[in-house]
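Each chain, written out:
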Amino acid sequence: ISGSVDFDPLLDWSEPPFPPLVRLLFFVSRWMPEFRVLQVNAAGFNNGIGEADSELALAIAKGAEYLKQVQDKGYSIALANRHLKFAFTVGTSFHGDIAKLRAFRILWAKVLEALGIENPPPANISAHTDITTMQQNEAENRIALQLQAKAANLGGADLLFLAPAEGMHLAATETGRRLSRQVQMEARNANAPGTLVPVDESYLEDLTVSLVKAAWLRYMHIEDQGGFANAVEL
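Quick caveat, the model's predicted, so the values are computed rather than measured.

Engineer: I keep staring at the side chain of Thr-129 and nothing clicks. Help me out?
Structural biologist: Along the chain, Thr-129 falls in strand S5 (residues 125–129). Since its relative accessible area comes to 10%, Thr-129 is described here as buried. Of the polar contacts made by the side chain of Thr-129, one reaches the side chain of Gln-148; its length is 2.8 Å. Apart from the residues lying within four places of it in its own chain, the contact partners of Thr-129 are Thr-89, Val-90, Met-134, Leu-145, Gln-148, Phe-161, Leu-162 and Ala-163.

Shown next, in the form of structure tokens:
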């Protein structure tokens, strides 16, 4: 069985239930090795592409905190990492969203290396529509969804969750859901018609490197304060 649940203890609980989480990790590592039961939901850290370095730093700091918490309770952080996933939003900054996801993979690999995890599997990333960026026009939203799907794909996301085409202002309809599913199907087919945006790989490389450097400095500032659970200045 492969799959995941959206369980983010430091987001959803005033007193995070880490002991039950460790018991669950022992269970899935034995019986459901492809199932992820822990998630870092970075949507709440998203304040636009101009603050992407802060978003990335908080995401990796929270992920590192989870690994340290389960290690303190006797569970292998290398195994815990195999049952962890990260959720990010993609919105209106096409190149920025690609660079953000690419930078995250580099940053998380650096975190795991610092924690002594050798040869870890690639981080698992789910990309979600930033629904606050959607408009009241279905045609415009279709273009936005196509750009989001392409950005998630080029950024290396493992999973993609697109909002219905109605956006946040209108109730979702079956037509809107069907349109989003169609965009997702098109995104899987490189030859399918869609919104084509030139990709500037040189600019992407520079932007990714800049995000990695800036986010890592912010992450180290959080770690210097005792990590995500203790930092008061983020």
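Next comes the rest of the write-up.
Engineer: I'm lost on the sheet that holds strand S3 (residues 38–41) in this one. Help?
Structural biologist: Sheets are built from strands that pair by backbone hydrogen bonding, the pairs being arranged parallel or antiparallel. Overall, parallel pairing links the 4 strands, which are arranged S3-S4-S5-S6 in an open sheet. This sheet does not close on itself; its edge strands, each paired only once, are S3 and strand S6 (159–161). Averaged over all pairs of adjacent strands, the angle between their axes in this sheet comes to 25°, without regard to strand direction. Sheet topology places S3 next to strand S4 (residues 84–90); 4 bridges connect them, and they run parallel. For Val-40, the partnering residue across the bridge sits in S4 and is Phe-86. Here helix H3 (residues 52–72) sits on the sheet and contacts S3 and S4; the angle it forms with S4, its principal contact strand, is near 165°.

Engineer: What am I meant to see in the pairing of S4 here?
Structural biologist: Residues in a regular strand point their side chains to alternate faces of the sheet. Within S4, 7 of the 7 residues are buried, which leaves the element mostly enclosed by the surrounding structure. Along S4, one buried face is formed by Leu-84, Phe-86, Phe-88 and Val-90 and the opposite face, lined by Lys-85, Ala-87 and Thr-89, is buried too. Regarding topology, helix H5 (residues 94–114) serves as the crossover connection from S4 to the parallel S5, and that connection is right-handed.

About the criteria used
Residues numbered from 1 in each chain as written. Predicted model: local features only at pLDDT ≥ 70, side-chain atom pairs only at ≥ 80, totals over all residues. Heavy atoms only, no water. Helix = DSSP H or I, 4+ residues; strand = E, 2+ residues; numbered from the N terminus. Buried < 20%, exposed > 50% of the residue type's maximum accessible area, 1.4 Å probe, protein only. Polar contact = N/O pair within 3.5 Å; in protein donor to acceptor, adjacent residues only side chain to side chain. Contact = heavy atoms within 4.5 Å. Pairing = 2+ DSSP bridges. Axes fitted to C-alpha atoms, helices over the stretch in contact; angles between N-to-C directions. Right-handed = clockwise from strand over helix to strand, strands pointing away.

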